[in-house]
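Residues per chain, in single letters:
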Amino acid sequence: MPLHIAIGLVLCGSKILIAQRSIDKHQGGKWEFPGGKVETGETALQAVVRELAEEVGLALEEAQAEFVGELNYQYPELSIRFSLFAFKVSTQCAIAREGQLIDWVEVTQLDSLTFPAANREMIERLNHFLGLGEYHVARCL
Ligand SMILES: Nc1nc2c([nH]c(=O)n2[C@@H]2O[C@H](COP(=O)(O)OP(=O)(O)OP(=O)(O)O)[C@@H](O)[C@H]2O)c(=O)[nH]1
Ligand SMILES: [Mg+2]
């Protein structure tokens, strides 16, 4: 059974909230999107709202979430199913409640930061969700 993780893609204008994973954890020291394990009896949506409150002090409502998608990723040591939810917020009022480093970065700069391997596809899904995917320039006849 894969581990089920709920991820919050918290957007404020063109920026997104990221946090640094503590060094002693799986994929420690890398950047992450806030989120965590879906607990027994909880939906992924309930989990993401809880994790965003616990980790970065955001009081969000389930109704504010926009479902972005699900993705599976197989680390050599761990198989994970991620449920991705976007939240559009109007102020950057997150606080690092677990002593972690947090930052708001341009979505277009995510590619230049070090994330766990699973995040490559997560970022692609996010870009697609935001309409920032690949554009095919129409050729004029
Ligand atoms: N939160 C989060 N986890 C990620 C991301 N990318 C990624 O591979 N993961 C992996 O997904 C799992 C998430 O676990 P977590 O450490 O956030 O779980 P949690 O908040 O419940 O923490 P806990 O272990 O302290 O109770 C980890 O194995 C982590 O390496 C990401 O962007 N955000
Ligand atoms: Mg977490």
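Note that the structure is predicted; figures quoted are calculated from it, not measured.

Engineer: Provide a residue-level description of the pattern of salt bridges, including the pertinent values.
Structural biologist: Within the structure shown, the criterion is met by 8 salt bridges. The partner of Arg50 in a salt bridge is Glu51, with the nearest N and O atoms 3.2 Å apart. Of the two residues examined, Arg50 and Glu51, each falls in the buried class. Linking Arg50 and Glu54 is a salt bridge whose minimum nitrogen-to-oxygen distance equals 3.3 Å.

Engineer: Kindly report on the site of ligand 1, identifying the contributing residues and their values.
Structural biologist: Surrounding ligand 1, one finds 21 residues, the nearest of these being His26, Phe33, Lys37, Tyr75 and Asn119. Between an oxygen atom of ligand 1 and a side-chain N or O atom of Lys25, the distance comes to 3.2 Å. In isolation ligand 1 has 630 Å² of accessible area, and contact with the protein removes 83% of it. Of all the cavities here, the one that holds ligand 1 is the largest pocket. Those elements giving two or more residues to the shell around ligand 1 turn out to be β1 (3-12), β4 (35-37), α1 (44-56), β6 (78-88) and α2 (119-129).

What counts and how
Residues numbered from 1 in each chain as written. Chains lettered and ligands numbered in written order. Predicted model: local features only at pLDDT ≥ 70, side-chain atom pairs only at ≥ 80, totals over all residues. Heavy atoms only, no water. Salt bridge = Lys/Arg side-chain N within 4 Å of Asp/Glu carboxyl O. Buried < 20%, exposed > 50% of the residue type's maximum accessible area, 1.4 Å probe, protein only. Near = heavy atom within 4 Å. Polar contact = N/O pair within 3.5 Å; in protein donor to acceptor, adjacent residues only side chain to side chain. Areas by Shrake-Rupley, 256 points an atom, 1.4 Å probe, with all protein chains shown as cover. 1 Å grid on protein atoms, 1.4 Å probe; cavity = no way out; pocket = protein on both sides within 12 Å on 5 of 7 lines; lining within 4 Å. Sits in = over half its atoms within 2 Å of the grid points. Helix = DSSP H or I, 4+ residues; strand = E, 2+ residues; numbered from the N terminus.

These figures come from the coordinates and say nothing about function on their own.
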